[in-house]
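# Remarks on the overall topology
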Amino acid sequence: MDSDLTLYEEVSRASACVQADNMGGSPVSKCYQMAFIAQKLSLKTYVEIGVYRGKSLFSVAPAFKKNNGKCYGIDPYCGHNFKETDTTEEIQKCVEEFSETTDFDELYHDVLKTKIDLEMDELVTILRETSENAYPYFQKKYALNDVMQNRR
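Heads up: these notes are all about the structure in this document. Just so it is clear, the structure is predicted and the values come from calculations on it, not from any experiment.

Let's shift gears to the overall build of the protein chain. Scanning the protein chain from terminus to terminus reveals seven helices and three strands. When the helices and strands of the protein chain are read in sequence order from the N terminus, they spell out α-α-β-α-β-α-α-β-α-α. Counting all 152 residues of the protein chain, 36% fall into the buried class. Here the contacts in the protein chain between residues at least 6 apart in sequence split such that 72% fall between residues at least 24 apart. When the accessible surface of the protein chain is summed, it comes to about 9,600 Å², and 49% of that surface belongs to carbon and sulfur atoms.

Shown next as structure tokens:
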């Protein structure tokens, strides 16, 4: 129980360091549940597609640190990839306006700063790519072709 409380405190601390807004941000309760499951299952690798400010990525990362693992965040940080199609026209317009007025380079650099501020530089890797373009990185790093062949 004590180690669970420590994990909760670490998740809460990381979450508090990342700004939440209308465009993203997971609640502490959700991040803690993901971190708790990851820790209990001794998961070593976490990949998040769509990092934005990093609210869930950095909040879940303490579990992977405890498991001697690694976290990866994939996000291209560019306006033309920032879209919402499965929602109301009003929300789509809001997202479109946000993507046109946001400095995605600044957002990306803020995430890198947060990673350093949280002392997660060795734990978290941010790939400024689309998920499709990031695939070769993981294919090479984790020899995914070998893994997929063994599953067949």
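With that out of the way, let us pick up the sheet that holds strand 3 (residues 124–127). As summarised here, the arrangement of the three strands in space is 1-2-3, forming an open sheet in which the pairing is parallel. Each edge of the sheet is formed by a strand with only one pairing partner; in this case those strands are strand 1 (45–49) and strand 3. Here the average twist between neighbouring strands, direction ignored, is 15°. Summarising the sheet, strand 1 and strand 2 (residues 70–74) pair through five bridges and their orientation is parallel. Across the sheet, residue glutamate 48 finds its bridge partner in strand 2, namely glycine 73. Across the sheet, helix 6 (residues 131–142) lies against strand 1, strand 2 and strand 3, angled at about 155° from strand 2, the strand it touches most.

A contiguous nonpolar surface patch, about 280 Å² in accessible area, is contributed by Ile37, Leu41 and Leu43. Mapped onto the elements, isoleucine 37 comes out in helix 2 (residues 28–40). Exposure remark for isoleucine 37: the relative accessible area of 47% places this residue in the partly exposed category.

Let's shift gears to the nonpolar core. Ranked by size, the top nonpolar core spans 29 residues in total, and within it Phe64, Tyr77, Met120 and Val124 carry the most contacts. For this core, the element with the highest residue contribution is helix 3 (residues 55–66), accounting for six residues. Core analysis: the second largest hydrophobic core is formed by five residues, Ile74, Leu127, Ala134 and Phe138 among them.

Cut-offs applied
- Residues numbered from 1 in each chain as written.
- Predicted model: local features only at pLDDT ≥ 70, side-chain atom pairs only at ≥ 80, totals over all residues.
- Heavy atoms only, no water.
- Helix = DSSP H or I, 4+ residues; strand = E, 2+ residues; numbered from the N terminus.
- Buried < 20%, exposed > 50% of the residue type's maximum accessible area, 1.4 Å probe, protein only.
- Contact = heavy atoms within 4.5 Å.
- Areas by Shrake-Rupley, 256 points an atom, 1.4 Å probe, with all protein chains shown as cover.
- Pairing = 2+ DSSP bridges.
- Axes fitted to C-alpha atoms, helices over the stretch in contact; angles between N-to-C directions.
- Patch = residues over 30% accessible without salt bridge, like charges linked within 9 Å, V, L, I, M, F, W, Y side chains within 5 Å.
- Salt bridge = Lys/Arg side-chain N within 4 Å of Asp/Glu carboxyl O.
- Core = buried A, V, L, I, M, F, W, Y, C linked by side-chain atoms within 4.5 Å.

Fair warning: the whole summary comes from geometry, so function is off the table for now.
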